[in-house]
Amino acid sequence: MSTKQITVFHNGDELSARTFRALSVKLNNRGYRVSQTYTEDTELIVCIGGDGAFLKAIHACDFPGCPIAGINTGHLGFFQDVLPDGLEQFLDQYESGEYNLQKLSTVAALVTDEDGREHRHIGLNEITIKGRHSYSVHLFISIGGKPIEKFSGDGLIVATSAGSTAYNYSVGGSIADPRLDLLQVTPIAPMNTTAYRSFTSSILLPADLSLGVVPEHEENQIFIMNDGIETAYTNVRSIEVRVSDTSVHLLRLKGYDFWNKVKDKFL
Ligand code: NAP
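Attention in this report is confined to the structure presented alongside it.

Conventions adopted
- Residues numbered from 1 in each chain as written.
- Predicted model: local features only at pLDDT ≥ 70, side-chain atom pairs only at ≥ 80, totals over all residues.
- Heavy atoms only, no water.
- Helix = DSSP H or I, 4+ residues; strand = E, 2+ residues; numbered from the N terminus.
- Rg over C-alpha atoms; globule rule 2.2 N^0.38 Å.
- Buried < 20%, exposed > 50% of the residue type's maximum accessible area, 1.4 Å probe, protein only.
- Areas by Shrake-Rupley, 256 points an atom, 1.4 Å probe, with all protein chains shown as cover.
- Lys, Arg positive; Asp, Glu negative; His and termini not counted.
- Charge placed at Lys NZ, Arg CZ, Asp CG, Glu CD.
- Pairing = 2+ DSSP bridges.
- Axes fitted to C-alpha atoms, helices over the stretch in contact; angles between N-to-C directions.
- Near = heavy atom within 4 Å.
- Polar contact = N/O pair within 3.5 Å; in protein donor to acceptor, adjacent residues only side chain to side chain.
- Nonpolar A, V, L, I, M, F, W, Y, C, P; charged D, E, K, R; others polar.
- Domains from an automatic or database assignment.
- Contact = heavy atoms within 4.5 Å.

Okay, the overall build of the protein next. The helix and strand tally for the protein stands at five helices and 16 strands. The C-alpha radius of gyration computed for the protein amounts to 20 Å, which stays within 12% of the reference 18 Å derived for 267 residues, consistent with globular compactness. Along the longest, intermediate and shortest principal axes, the C-alpha atoms of the protein span 65 × 40 × 35 Å. Counting over 267 residues, the protein shows a buried share of 51%. Of the roughly 12700 Å² that the protein leaves accessible, carbon and sulfur atoms contribute 50%. Charge centroids of the protein, computed over 23 positive and 32 negative side chains, lie 3 Å from each other.

So, on to the sheet that holds strand 10 (residues 155–159). Ordered by their spatial adjacency, six strands build an open sheet running 12-11-10-7-14-15, and the pairing between neighbours is antiparallel. Because the sheet does not close on itself, it has two edges, and the strands there are strand 12 (203–206) and strand 15 (229–234). Each strand of the sheet is rotated relative to its neighbour by a mean of 20°, with strand direction disregarded. By the bridge criterion, four bridges tie strand 11 (residues 182–188) to strand 12 in an arrangement that is antiparallel.

Moving on, we get to the pairing of strand 7 (residues 126–131). The element strand 7 is largely enclosed, with a buried count of five among its six residues. Here five bridges tie strand 7 to strand 10, and the two strands are oriented antiparallel to one another. Following the sheet pairing, Ile-129 is matched in strand 10 by Leu-156. Direction of pairing for strand 7 relative to strand 14 (residues 221–226): antiparallel, over a ladder of five bridges. Note that in strand 14 the partner of Gly-131 across the bridge is Ile-222.

Turning to the site of the ligand, a few remarks are in order. Within the structure, the ligand sits among 18 residues, and Asp-51, Asn-125, Glu-126, Thr-165 and Ser-170 are positioned closest to it. At 2.8 Å from an oxygen atom of the ligand is found a main-chain nitrogen or oxygen belonging to Asp-51. One of the backbone N or O atoms of Gly-52 is found 2.9 Å from an oxygen atom in the ligand. Surface burial for the ligand is 66%, taken as the share of its 830 Å² of free accessible area covered by protein chains. Sorting the residues of the shell around the ligand by element identifies helix 2 (51–60) and helix 4 (167–170) as the ones contributing at least two each. Here the shell around the ligand takes four residues from helix 2, the largest share from any one element. Among the residues forming the shell around the ligand, the class breakdown is seven nonpolar, seven polar and four charged. Counting residues domain by domain, the shell around the ligand receives three or more from each of domain 1 (5–97) and domain 2 (106–245).

A positive phi angle, close to 45°, is found at His-133, a residue other than glycine. Assignment of secondary structure puts His-133 in the loop between strand 7 and strand 8 (137–143). With a phi close to 50°, Ala-189 is a non-glycine residue in the positive phi region. Counting through the fold element by element, Ala-189 comes out in the loop between strand 11 and strand 12. Judged by relative accessible area, which is 45%, Ala-189 ranks as partly exposed.

Moving on: the environment of Asn-235. Checked against the element boundaries, Asn-235 lands in the loop between strand 15 and strand 16 (238–253). The exposure class of Asn-235 is partly exposed, given its relative accessible area of 32%. Separated by 19 residues in sequence, Asn-235 and Glu-216 have C-alpha atoms that sit 9.4 Å apart. Leaving out residues up to four positions away in the same chain, Asn-235 has contacts with Asp-113, Glu-114 and Asn-220.

The following block contains the structure:
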């Protein structure tokens, strides 16, 4: 009998907790060890909840190398293919290898602080750069090392393709097929007046180009959000945002189609 480990996370709501118990029994019956803590010998991570719970699981495991599958318990559910009443079928398909692994790129921000120390943040959806409270920010933007504009507005979202349907979409960014390895730089409330000139649409960057951001010197506090996790910095020298070499391997059942999901969730 197999004693292979499957790590299962759930978001704590009633249906997710019930689904967790049902899944644990089925996994034990099939000879798997169920853990709620990620360790390197985990062969699969299962996350029960919505996209927010999925993001939390990815961060809790520090972007694991093993596959991760999502079970949707009533949320938007872009990262999930399995429903609570489809557990038996999911496990059959998993054991017989009837699935694909979707490789999702991530985005990394390297923040250099006032003392020259570097801090790295990774996001599956996006990196967001904002000022303190509701103040506008003024950011010198370069692409591939070439100065482009001084952005003025509420902030910038640098989204992966997988994250294009999240915050990026809410502020008018485009939906990008996750097979496209790119970064989408989307302005949040850009000012475009005779006083300030900023791009008002998203900019798409290929995976080998980085975005450089230097806050204007009076911006003494900058907030970096990776998938909604906020870190405050004082007197940031520079931020470099690029496609990261870390990827997430999402288990997709046969029949998964990104554009069907977009239609189901948004239209
Ligand atoms: P949250 O504010 O509780 O949830 C934000 C919503 O975004 C949830 O409905 C979530 O879906 C959905 N979502 C997350 N990733 C998605 C994706 N890749 N495609 C489509 N929808 C997605 O925050 P959270 O649950 O901790 O998630 C953090 C994310 O919230 C951030 O990465 C950012 O993208 C997003 N966010 C959105 C806005 C906005 O739209 N105005 C503002 C701030 C942050 P579920 O219902 O399935 O969990």
